[in-house]
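Results of the structural survey
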Amino acid sequence: MRNRSVADLMTPAAVAVQRGTSFKEIARLLDEYGITAVPVVDDENRPVGVVSEADLLRRHTAKDGPSTAEAMMSSPVVTARPSWTAVEAARLMERHRVKRLPVVDSEGRLIGVLSRSDLLQLFLRRDRSIQEEIREDVVVRILRLSPAAVHIDVDEGVVTLSGTLDSADTAPVLVRLCETVDGVVEVVDRLAYGDRDEDGDGDGDGDRDGGSS
């Protein structure tokens with residue numbers, strides 16, 4: 001099972017500006033490329049800040065001070081690494097309340113930009129592809145279950161699991177693994193199980209909702 005990384009989702013060769021880039025040039029770049037923010041880099045292509053539409057509007061309203069990228073940018077800049085998972089990047093965006101993350105290499109140089117819209121690409125994945133990954137990678141390869149043991153239905157990214165497992169311990173592991181598959185929006189657990197006692201006698205089928213009330 002392979003989750004797509006920041007490197008898979010980011011926009012490479014990102015648009016960037018220098019510290020001295022003017023207000024009008026930044027506004028033109030945002031409009032031309034249909035983006036909401038642009039990284040500011042130093043002479044070695046290392047991000048030192050970000051100028052967003054909000055920064056431009058704030059400067060226009062204030063009408064004081066210089067109108068260069070350095071004067072308007074938000075700093076320090078929050079960056080991501082290409083090897084990160086989409087979940088790690090999304091959590092960083094949420095924590096810092098940003099919509100875009102400059103992506104840097106091991107030397108801190110800009111190699112791309114990851115936006116919220118890039119992350120949303122994960123959820124455009126086809127249901128059939130999600131179903132096949134769960135069956136082949138999660139059920140068969142990782143948990144070593146028979147593909148016939150679990151019925152997997154996927155509708156608009158919502159995964160419904162049904163069937164009877166030998167052990168109740170397997171079910172929560174299966175659910176958690178399914179939740180990590182790219183494109184999965186939600187997992188509905190309708191699995192039942194049939195544990196055996198120490199003497200090998202079946203103690204009846206059950207589900208995780210308990211048995212008798």
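Reading guide: rules and limits
- Residues numbered from 1 in each chain as written.
- Predicted model: local features only at pLDDT ≥ 70, side-chain atom pairs only at ≥ 80, totals over all residues.
- Heavy atoms only, no water.
- pLDDT = per-residue confidence, 0-100.
- Contact = heavy atoms within 4.5 Å.
- 1 Å grid on protein atoms, 1.4 Å probe; cavity = no way out; pocket = protein on both sides within 12 Å on 5 of 7 lines; lining within 4 Å.
- Points joined across faces, edges and corners; volume = space filled by probe spheres on them.
- Helix = DSSP H or I, 4+ residues; strand = E, 2+ residues; numbered from the N terminus.
- Nonpolar A, V, L, I, M, F, W, Y, C, P; charged D, E, K, R; others polar.

Chain-level statistics for the protein chain give a pLDDT mean of 88 and a share of 90% at 70 or above. Taken together, the stretch residues 196-204 has pLDDT below 50 and engages in eight contacts with residues farther than four places along the chain or on a different chain.

Let us now look at empty space enclosed by the protein. Inspection of every chain in the model, using the stated rule, returns one cavity of 30 Å³ or more. Roughly 50 Å³ of internal volume is contained in the largest cavity. Lining the largest cavity are Ala37, Val38, Pro39, Val50, Arg100, Leu101, Pro102 and Val113. Elements with a minimum of two residues in the lining of the largest cavity: strand S3 (37-41) and strand S5 (100-104). Of the residues assigned to the lining of the largest cavity, the class counts are seven nonpolar, no polar and one charged.

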